[in-house]
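Survey of secondary and tertiary structure
One-letter residues, chain by chain:
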Amino acid sequence: SWCQELLRIQVPENGFYIDATTGNGHDTLFLCELAKERGHVLGFDIQQQALNHTREMLVRNHMEDRARLICDSHVNMGKYAEEGSADAICFNFGYLPGGDHALATKPETSLAAIGEGLKLLKKGGVMSLCIYSGGDSGFEERDAVLLFLKDLDEKKYIVIVNQYYNRKNNPPIPAFIIKK
Ligand code: SAM
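Computed from a prediction, not measured in an experiment: that's the story for all the values here.

Residues in contact with the ligand amount to 23 residues; listed here are only the nearest, Thr 21, Asp 27, Asp 45, Gln 47 and His 74. Thr 21 places a main-chain nitrogen or oxygen 2.8 Å from a nitrogen atom of the ligand. Note that an oxygen atom of the ligand is positioned 2.8 Å from one of the side-chain N or O atoms of Gln 47. When the free accessible area of the ligand is taken as 610 Å², the share hidden by the protein chains comes to 95%.

Written out as structure tokens, the structure reads:
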């Protein structure tokens, strides 16, 4: 929810947005709301089950016309969108709640997809990343993503990593990349 709050403040309405991990569709719905009448959304997931849930969520909210849902890895998002075209890209790592935990995002593909996403982002565009750790998620992906963010060129990107400071048991880490 913090990722959504920040995107709401930072990102213009009626734009083009990418949900890199549609899962059950909460973020896709949020992006479709932001898209209003003139914007549009691309959503990716490797699980058809997730895309079905997302589609149902959009239909319930009468927003299915605003999104194109694609059953493909987010590593391939560059095949579906132009470089420098996206106002916002949203990653919500981990596994599909209620689904197969083995089909969670993986460090190697997540890093490759962030790299692809940064090419697609407009100047001034924002990428949000919700990073999970502990439990079935382990710590490998969290550590790999945080290291990747730390190394991004400060001349090209502003990187903000937030913390739920008083929350116990490995709370999610909301992070943001703004393309200068
Ligand atoms: N944003 C979602 C929501 O609002 O409900 C939650 C996303 S869920 C935590 C993570 C999703 O990432 C899962 O549905 C999983 O199938 C998907 N995923 C895993 N690897 C992926 C990949 N390489 N490309 C795209 N999606 C992937």
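Back to the text.
Turning next to helix α5 (residues 140-150). Residues of α5 that are buried include every one of Glu 141, Val 145 and Leu 149, and no others. Within α5, the buried residues cover an arc of 65 degrees as seen down the axis, which keeps them to one side. Seen from the open side of α5, the exposed residues pointing more than 90 degrees away from its buried face are Glu 140, Leu 147 and Lys 150. Close packing links the buried residues of α5 with α4 (107-120), β5 (121-131), β6 (157-161) and β7 (173-179).

A few words on the environment of Trp 2. With respect to the element layout, Trp 2 can be found in helix α1 (residues 2-10). Spatially, the C-alpha atoms of Trp 2 and Cys 130 are 9.1 Å apart, while their sequence positions differ by 128 residues. What Trp 2 contacts, discounting residues up to four positions off in sequence, is Asn 162, Tyr 164, Pro 174 and Phe 176. For Trp 2, the side chain forms a polar contact with the side chain of Asn 162, separated by 2.5 Å.

Its 14 residues place the ends of α4 20 Å apart at the C-alpha level, agreeing with the 20 Å of an ideal helix rising 1.5 Å per residue. Those residues of α4 hidden inside the fold are in contact with β1 (16-19), β4 (86-92), β5, α5, β6 and β7.

Below, the discussion takes up the nonpolar core. In terms of nonpolar packing, the biggest core is built from 27 residues, with Ile 18, Phe 91, Ile 114, Met 127, Leu 129 and Ile 177 touching the most fellow members. Among the elements of the structure, β1, β2 (40-45), β4, α4, β5, α5 and β7 are those that each provide at least two residues to this core. With residues up to four places along the chain from it excluded, the contact list for Ile 114 reads Phe 91, Phe 93, Met 127, Leu 129, Val 145, Phe 148 and Ile 177. Within the second largest apolar cluster, 23 residues are counted, among which are Cys 3, Leu 34, Val 41 and Ala 88.

Reading the values: the criteria
Residues numbered from 1 in each chain as written. Predicted model: local features only at pLDDT ≥ 70, side-chain atom pairs only at ≥ 80, totals over all residues. Heavy atoms only, no water. Near = heavy atom within 4 Å. Polar contact = N/O pair within 3.5 Å; in protein donor to acceptor, adjacent residues only side chain to side chain. Areas by Shrake-Rupley, 256 points an atom, 1.4 Å probe, with all protein chains shown as cover. Buried < 20%, exposed > 50% of the residue type's maximum accessible area, 1.4 Å probe, protein only. Helix = DSSP H or I, 4+ residues; strand = E, 2+ residues; numbered from the N terminus. Arc of directions from axis to C-beta. Contact = heavy atoms within 4.5 Å. Expected span 1.5 Å × (residues − 1). Core = buried A, V, L, I, M, F, W, Y, C linked by side-chain atoms within 4.5 Å.

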